[in-house]
Amino acid sequence: MQADTTVHVVTIFDRLARSEAGKGTVHIHQSEDIRAMVGAHKYGENVEQEGENTFLKIPGYRAQVFSGNNQRKSKDEAFKKEEEIKELFPDIPTYVTYNAPFWKLRVGDFRSHEEAYQLMRQLMEAFPAYAKEMYIVKEEVKIPLN
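Residues numbered from 1 in each chain as written. Predicted model: local features only at pLDDT ≥ 70, side-chain atom pairs only at ≥ 80, totals over all residues. Heavy atoms only, no water.

A word on the pattern of salt bridges. In this structure the tally under the stated criterion is seven salt bridges. Glutamate 50 is paired through a salt bridge with lysine 142; the nearest N and O atoms lie 2.5 Å apart. Of this pair, glutamate 50 sits in strand β3 (residues 47-50) while lysine 142 is found in strand β7 (residues 135-144), placing the two residues 92 residues apart along the sequence. (Salt bridge = Lys/Arg side-chain N within 4 Å of Asp/Glu carboxyl O. Helix = DSSP H or I, 4+ residues; strand = E, 2+ residues; numbered from the N terminus.)

See the structure below:
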């Protein structure tokens, strides 16, 4: 399977004119010559498309909630904890991964350690039984572009 090598170009004009719920609409009338002179940011392999959503993959942080290597129980425990977290925090992305021999549950997509730490503190308050094994990890995260 070949990777998509399409380069997506997003200009400042595109960013300003995009439509967002609850916000006003910006109309930009600019000649193509001016548009060509203004810098553009090019995204290549760091962009991921999921349905209608586009994400930029960058180095960032997540809160690790669980890690276990018991082949019989760890997978079920990771998914059980993920379900419990999604009930209280439905808008925060969760990731269950397997990297032999460990099943891991990581939560969030944050640019800074501080943002991930704030979420981890909320998780510790909501799930005190999990608090002992929670910590912040550095990982590639997905930031929404649209």
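Back to the text.
Turning to the nonpolar core, a few remarks are in order. In this structure, Val65, Ile85, Leu105, Val107, Leu123 and Met134 are the most contacted members of the largest nonpolar core, which totals 23 residues. Breaking this core down by element, the ones donating at least two residues are β4 (53-68), α3 (74-88), β6 (102-110) and α4 (113-126). By residue number, the principal contributor to this core is α4, which donates five residues. Filtering out sequence-adjacent residues up to four positions away, methionine 134 remains in contact with Gln64, Val65, Met120, Leu123, Met124 and Phe127. (Core = buried A, V, L, I, M, F, W, Y, C linked by side-chain atoms within 4.5 Å. Buried < 20%, exposed > 50% of the residue type's maximum accessible area, 1.4 Å probe, protein only. Contact = heavy atoms within 4.5 Å.)

All right, on to a nonpolar patch on the surface then. Where nonpolar side chains cluster on the molecular surface, the patch consists of Ile12, Leu16 and Val26 and spans about 240 Å² of accessible area. Among the structural elements, leucine 16 can be located in helix α1 (residues 12-17). (Patch = residues over 30% accessible without salt bridge, like charges linked within 9 Å, V, L, I, M, F, W, Y side chains within 5 Å. Areas by Shrake-Rupley, 256 points an atom, 1.4 Å probe, with all protein chains shown as cover.)

The full count for this structure, using the stated rule, is three aromatic pairs. Taking the centre distance of 5.3 Å and the plane angle of 10° together, the rings of phenylalanine 127 and tyrosine 130 count as stacked. Each member of the pair phenylalanine 127 and tyrosine 130 is classed as buried. By the ring-pair criterion, three or more aromatic residues cluster together here, those being Phe79, Tyr98 and Trp103. A cation over an aromatic ring shows up here: arginine 62 above the ring of tyrosine 95, its NZ or CZ 3.7 Å from the ring centre. Note that lysine 142 overlies the ring of phenylalanine 55, its terminal NZ or CZ placed 5.2 Å from the centroid. (Phe/Tyr/Trp six-rings, centres within 6.5 Å; stacked < 30°, edge-to-face > 60°. Lys NZ or Arg CZ within 6 Å of the ring centre and 35° of its normal.)

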